[in-house]
Structure formats: structure tokens, C-alpha cells
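In case you want the letters, here they are:
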Amino acid sequence: MRFRGIVKIELSRSLGQDDLKVLEEAIGEVSQSLVKGFRDPEDGGRILNWRSEDKFLVIEIESRRLRIDEAAMRVKNSLEESLGSRRRIGIRDIELEKALVEIDGEIRISTKLPFVKSIDASSERTTIHLDTLGEKDLKKPILLRLLRLLSEKELKARWGGKTEHWQLIKESRIKFATPLTKEDPNKVLEEAGLVKRFSIGQWLYTPLATYLMNMVREVFIKEVVVPLGFTEAIFPKIYPLEVGLKTGHLRGTINSMVFASLPKTYNIEEFEELTDYMYVVNEAPPEEVAKYLRYPDYFLCYAQCEPFYWFFGGELVDDSSIPVKWFDRSGPSFRWESGGIYGLERVIEFHRVEVVWLGKPEQVVQIRNELLKAYEKFMDEVLDLEWREAWVTPWYYEQSGAVEKVEEFDIDRPGTIDFELWLPYRGSREDRKSWLEVGNISIHGTKFTEPFRIRHNKGVTLWTGCSGFGSQRWLVAFLAQRGFDPEKWPPVLREYLSRNPPPEPVAMVTYPKTRTGRDELDRLIKFLRK
Ligand code: ATP
Ligand code: ZN
Ligand code: MG
């Protein structure tokens, strides 16, 4: 990214011959101020040319890492000091003219955005020309955000559309030289009637399916979450848009969010035309329903931890109140997964145990490390599965744009670790598609404490972390590796089974739908009742 622009300074009086020497010195100081703080002066700014004309000083500058707005203010502050102290010349006004931002590669940006005048784009380079900016504009957060947006777009373009970078950290030993099963549990669960498709990407979980999902989830809570001192809270499941603006989800993942609208009115009579139509025609046309609804003010639970940051937002915490360690399992999350929807693994409505924490950076890192160890034990010993974990860097964390090698990188910093379990039904371990992400743990740094203004009473930096355990995915992956026969399950789950008898399956004249489905169900019941 490169910046260029002309800083036009209006002085309190015209410059005379006797000011020239001081002026030249002053320009030298401006040059120095533009590289201050940069180890490599090339990264800072420099003066391309300058001239003085009556009361005006016109200085053309360019810079690399130094944002153009900041460069212009540095010019002003430096001149104010040198000319003010030596010649008693004040600065009346400052304008940044013909400012432009040059980005390698082609990015797309709308000219409707504030301050964007025009754009020249080719496949090698994009040049964004900005409107003339006054001193007030230069200090506006809106300009700062525009420039940040441009640098994010540049970074994203350099990542070539990839959203994350995946690096293996650890993997379990091979436990099933010959897989115990190659059955696809999604299919078995549906065929045997334990779940029934409600709508696209949504299932009804009969009591027996619910039992199985709860089994894995309860063991996780008992073995991992509670021993580490997390306590349960209940978070709301529909969020005002403003929350998504602060978390960044509305910007980053709007294509996979589900939105909700309130009715325009509470007065049922105002719906009469529509309700009568539905009565007579027995149809509910969405485009007609939409006419009676407000624009979407909400989105449905997406990451599940958003309300946690909201709760502490604007509050002052002290040492005795941190670290905060909560979890929520109170309801579903919703994601539009478009063509990716499959079985119980990738659904629109799913259930998750969301673990969240807040504290000083070292506390947040320590909690993540404890949780990581507990997860590893859970996967390796408690469920006794084949697993692996990877460091995934979403592009926006990769400030340098350069990806480090696994031996060099430090995992005690903001970023995400994904947990993946092998799905033998999909194929060999070597194929990436045979692994399912079942959960993850993140250290966010100040990603949420900053926008939500979560502060410490003594000004210590606060970080957050979260971890999501997707109930459907853990169940599917467990069954994919160990099958439905409890003889082949680890002891903890067999104990669960003997302590909590499973509920009756659903079987009636027309359900499960097929002969094979009914046979499957008989087989499952025999297993579970053994
Ligand atoms: P993927 O890359 O598989 O889409 P993700 O990176 O979108 O996963 P996260 O945003 O990290 O997933 O969500 C946390 C957890 O929530 C996942 O590890 C998974 O267990 C669960 N999850 C996410 N999306 C779905 C879905 N569509 N269906 C079922 N579970 C899901
Ligand atoms: Zn989260
Ligand atoms: Mg996803």
C-alpha cells in the first residue's frame, strides 16, 4: 500500500526572504517527523517536493506504512512547532489535496463510500483517489476506518481469497488400523428414524437421538468444562444488528447469517387482507408476508458468545472479578450453509456448548492452555478417538501477510485452534475431506474488548477467549469412528448408558419409512439395550 497527497498549509502571514533559512530547516524537520517510529525509514513518509506561495506552503508527500492522514497531521504539527517558535508564524488551516491510496492487485471498493472520489483499477494495481480533506476530516474516525478497510482489502487480496491458513499442530496415533465401521452415521440416524428432516438443514431429534447427543455433550461438560471452573449462564439467541456490527460478524459473515423481522404492527386487524387470503387460498406467500414485516432488526445466534462481550461492554472490571469463566448451552445457533448442508454435520440449526472467558492476557492464555489440554484428554482418552488439531489463522489476524513456519510460531497469541476428528466413512486419513471440524478454541486478544469497551479499572489490557463444541458434529464423528455398538465404546460412555437408560425409539405403522430403516432401528435398539 502506498499513499500520496499534497498538504496545503495556510500560514498566519506571507513568508519573506528572511524566513527562507528557517523554512528550509523546518522542511528538514518535517522530513524527520515523517519517518519517526519506523525502523526502516522507507516505511515512513517522505517529501517529494515543496514550494511556498504567499501565505501557503504546498508540500507533496508520499508514504508506505504511515497513513496519509497521519502524515498530513505530522506535517502540520512539525511546522507549527518550528515556525511558531522561531518566526512566530502560526498555522491557519491545513488541507490534504489529491490524496491517493495505491494498492497492489485489484480490489473492489464503492465510490459511494465517504471520501472516495474515484478509482482506477487494473489487475496489477488499484488507485483510490480521495476527496480534498480538511483538518476536521483528517481527524474523523470515518476516514480512519476507510483507510483500515483498504488495508484489509489489500491483505485479503494477497491471501488470494483464502479465508484461513491451516497448520497441523498435533495428531493422535492411529487407533483403528482397520476402522471399526465405515458406516455414515448421518444416514443411519435418518433411516432408522432417530431424526426426521424438518426443513432444509433442520432436524427433529427424537428422544433417542436427543439422548445420544446429550450423552456426548454431558460427558464433555462433566469431564472438561466443569472441572476447569466454568459456570453456566443463559445467553439470548436473537441479536440486535448493532451487536453484529461490534463483533464484526455482519461485515465478515453476513452471507451465512439468518435474520429476523418483527411485525410492522401488533394490531391483528391490519393483517386482515393477508390472513383472509391465507384462510381461503391456504397458502402463505412469503412476498406477501414480507409486506407486513419490518426490516430485519435482528440476526439469529451465530457465534453464540456475542452476548458475553455485550454483557461486559462498557463496564469496569477489577482484579477480583477476573478471570470470568462461563459457558452457555441454552439453545441453537443458525447458519445458512447453502450448498454445503449435509446430514447432521452441516446444518442450518445446530447446538453447541459455547465456553467463554475474560481476563488479563496471561490469564486468557493460561485458560486456553488448560482447556486445550482437557480437550486433548477428552478426545484421546475419554472418547478414545483419532483426532488432530490445527492452528488456523483467519486472514485478518495475519498482520504481516507472511505465514510463519510451524516450528517458529508461538501459539500463545491471538488465533484459533481447530479440533478435527476422522470420518472413516468419507475415506482415508490422508484426504483432508475425511476430517470434520468438531470444535475450536480461540484467543481473541482485544478483538472484542475494544469495540465493546470492556475495561479494567487500572487500565490493564483485557482479552477474551471462546471455544465452541458443536454437539451434532461430535456425535456424528464419534459414531463414525466407534459405531453404534456400545461394546466398542469407551468405558465412560458405557457407564453413562448403564446409569441412564435410553428412551423408547419411535416406531409406528409408517415410520421408520423403509424396511432397511426398520431393520437398522432393531439393530440399534438391540445394541443399546444389551
Ligand atoms: P466449518 O469450517 O466446518 O464451516 P466453522 O469454522 O464455520 O466450521 P466455527 O465458526 O468455528 O465453525 O463454529 C464453531 C463450531 O460450531 C464448529 O467447530 C462446529 O462444531 C459447529 N458448527 C459450525 N457450523 C456448523 C454447522 N453448519 N452445522 C453444525 N455444526 C456447526
Ligand atoms: Zn465464540
Ligand atoms: Mg462454517
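The coordinates are above.
Residues numbered from 1 in each chain as written. Chains lettered and ligands numbered in written order. Predicted model: local features only at pLDDT ≥ 70, side-chain atom pairs only at ≥ 80, totals over all residues. Heavy atoms only, no water.

Visitor: Quick question: what am I supposed to make of the packing of helix H6 (residues 207-225) against helix H13 (residues 471-482) here?
Guide: A pair of packed helices is characterised by two quantities: the angle between their axes and the separation of those axes. Where H6 meets H13, the axes come as close as 9 Å, and the angle between the chain directions of the two elements is 95 degrees. In terms of orientation, H6 lies roughly perpendicular with respect to H13. For the pair H6 and H13, the contacting residues are Leu212, Met213, Val216 and Arg217 in the first and Ser471, Gln472, Trp474 and Leu475 in the second. Grouping the amino acids of the contact of H6 with H13 by side-chain chemistry returns five nonpolar, two polar and one charged. (Axes fitted to C-alpha atoms, helices over the stretch in contact; angles between N-to-C directions. Helix = DSSP H or I, 4+ residues; strand = E, 2+ residues; numbered from the N terminus. Parallel < 35°, antiparallel > 145°, perpendicular 65-115°, else oblique. Contact = heavy atoms within 4.5 Å. Nonpolar A, V, L, I, M, F, W, Y, C, P; charged D, E, K, R; others polar.)

Visitor: How do you make sense of the sheet that holds strand S13 (residues 259-260) when you look at a structure like this?
Guide: Backbone hydrogen bonds are what pair the strands of a sheet, in a parallel or an antiparallel way. Within the open sheet, the three strands sit side by side as S12-S14-S13. Their pairing is antiparallel. Sheet topology places strand S12 (238-240) and S13 at the edges, where each strand pairs with a single neighbour. Pairing of S13 with strand S14 (residues 298-300), which is carried by two bridges, proceeds in the antiparallel orientation. Across the sheet, alanine 260 pairs through a bridge with tyrosine 298, a residue of S14. (Pairing = 2+ DSSP bridges.)

Visitor: It is not clear to me how the packing of H6 against helix H14 (residues 491-499) should be interpreted in this structure. Could you clarify?
Guide: In the contact formed by H6 and H14, the axes pass within 11 Å of each other and the chain directions differ by 120 degrees. With respect to H14, the element H6 is oriented oblique. Every pair of crossing elements has a handedness; the one defined by H6 and H14 is right-handed. Of the residues in H14, those touching H6 at Tyr211, Asn214, Met215, Glu218, Val219 and Glu223 are Val492, Leu493, Tyr496 and Leu497. (Left-handed = near helix turned anticlockwise from the far one by under 90°.)

Visitor: How do you make sense of helix H2 (residues 68-87) when you look at a structure like this?
Guide: The α-helix advances 3.6 residues per turn, and as a result positions three or four apart in sequence lie on the same side. With 20 residues, H2 extends 27 Å between its outermost C-alpha atoms, agreeing within 8% with the 28 Å of an ideal straight helix rising 1.5 Å per residue. Those residues of H2 hidden inside the fold are in contact with strand S1 (2-11), helix H1 (20-35), strand S3 (56-63), strand S4 (91-104), helix H3 (135-138) and helix H4 (141-158). Phi for arginine 88, located one or two positions after H2, is positive at around 55 degrees. (Expected span 1.5 Å × (residues − 1).)

Visitor: Sorry if this is basic, but what is going on with the side chain of threonine 464 here?
Guide: With respect to the helices, strands and loops of the structure, threonine 464 is situated in strand S23 (residues 463-470). In this structure threonine 464 comes out as buried when scored by relative accessible area, which is 0%. Apart from the residues within four sequence positions on either side, threonine 464 is in contact with Tyr309, Trp357, Leu358, Val364, Ile443, His444, Gly445, Phe448 and Thr449. (Buried < 20%, exposed > 50% of the residue type's maximum accessible area, 1.4 Å probe, protein only.)

Visitor: Quick question: what am I supposed to make of the layout of surface pockets here?
Guide: Gaps left between atoms show up when a probe the size of a water molecule is rolled over them. Looking at the second largest pocket, its volume works out to about 190 Å³. Along its surface, the second largest pocket is lined by Glu29, Gln32, Ser33, Lys36, Arg74, Asn77, Ser78, Glu81, Ser82, Ser85 and Arg86. The set of elements that each furnish at least two residues to the lining of the second largest pocket consists of H1 and H2. If one sorts the elements of the lining of the second largest pocket by residue count, H2 sits on top with seven residues. (1 Å grid on protein atoms, 1.4 Å probe; cavity = no way out; pocket = protein on both sides within 12 Å on 5 of 7 lines; lining within 4 Å. Points joined across faces, edges and corners; volume = space filled by probe spheres on them.)

Visitor: Can you help me understand the coordination of the zinc ion (ligand 2) in this one?
Guide: Six octahedral donors at a metal ideally form angles of 90 or 180 degrees, and four tetrahedral donors ideally form angles of 109.5 degrees. For the zinc ion (ligand 2), the full set of protein donor atoms is Cys305 (SG), Glu354 (OE) and Cys466 (SG), at a range of 2.1 to 2.3 Å. Binding-site remark: the zinc ion (ligand 2) is held by donors from one chain whose sequence spacing is C-x48-E-x111-C. With glutamate 354 in strand S18 (residues 349-359) and cysteine 466 in strand S23, this residue pair connects regions lying 112 residues apart in the sequence. For glutamate 354, a relative accessible area of 2% gives the class buried. We classify cysteine 466 as buried; its relative accessible area is 10%. (Donors = N, O, S within 2.8 Å, 3.2 Å for Na, K, Ca; no water.)

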